[in-house]
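# Architecture at a glance
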Amino acid sequence: QVQLVESGGGLVQAGGSLRLSCTTSGRTFIPSMVWFRQGPGKEREFVAAITWTSSNTLSADPVKGRFTISRDNAKNTIYLQMNSLKPEDTAFYYCAAKRGIITTLAREYDYWGQGTQVTVSS
């Protein structure tokens, strides 16, 4: 069974940095790996994506230039480096995966972690 476990969330002041980790387990790698987030009163939204076999990445406009997604295949881990954090980044962050091409729609993802809270104070 595929499992995703996030870590690294916390409380940080505006302008600070955090690095989230998502460690995967299971019989096989699921090709498309993404980070989503859900802030207060908002729907779950796409943040960034990567695959296990390509260095190409995709990120949402609000985080471009500030967040970087990366992977470590040997550790079965996906990272989200978050710099220059803003209060608007406050959300519960989820790691998710699915087979097939990357999409930005949460409903199309099959596997989810438990999430980790990121709170950015002003």
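The following refers to the structure shown. (Residues numbered from 1 in each chain as written. Predicted model: local features only at pLDDT ≥ 70, side-chain atom pairs only at ≥ 80, totals over all residues. Heavy atoms only, no water.)

On to the nonpolar core, then. One finds Met 33, Trp 35, Leu 80, Met 82 and Tyr 93 to be the most contacted residues of the largest nonpolar core, which totals 26 residues. Ignoring anything within four residues of it in the chain, the contact list for Met 33 reads Leu 4, Cys 22, Thr 24, Ala 48, Ala 49, Ile 50, Trp 52, Ile 69, Ile 78, Cys 95, Ala 96 and Ala 97. Formed by eight residues, the second largest nonpolar core is a distinct cluster that contains Phe 36, Ala 49, Ala 96 and Ala 106. (Core = buried A, V, L, I, M, F, W, Y, C linked by side-chain atoms within 4.5 Å. Buried < 20%, exposed > 50% of the residue type's maximum accessible area, 1.4 Å probe, protein only. Contact = heavy atoms within 4.5 Å.)

Looking now at the packing of aromatic side chains. All chains considered together, the criterion is met by six aromatic pairs. Geometrically, the ring pair formed by Phe 36 and Phe 46 is edge-to-face, given 6.0 Å between the ring centres and 80° between the ring planes. In this pair, Phe 36 is assigned in strand E4 (residues 32-38) and Phe 46 in strand E5 (residues 45-51), connecting sequence segments ten residues apart. The same class applies to Phe 36 as to Phe 46, namely buried. Aromatic rings pair up to connect Phe 36, Phe 46, Phe 92, Tyr 94, Tyr 109 and Trp 112 into one cluster. Positioned above the aromatic ring of Tyr 94 is the side chain of Arg 44, whose terminal nitrogen or guanidinium carbon lies 3.9 Å from the ring centre. Over the face of the ring belonging to Tyr 109 we find Lys 98, whose NZ or CZ atom lies 5.6 Å from the ring centre. (Phe/Tyr/Trp six-rings, centres within 6.5 Å; stacked < 30°, edge-to-face > 60°. Helix = DSSP H or I, 4+ residues; strand = E, 2+ residues; numbered from the N terminus. Lys NZ or Arg CZ within 6 Å of the ring centre and 35° of its normal.)

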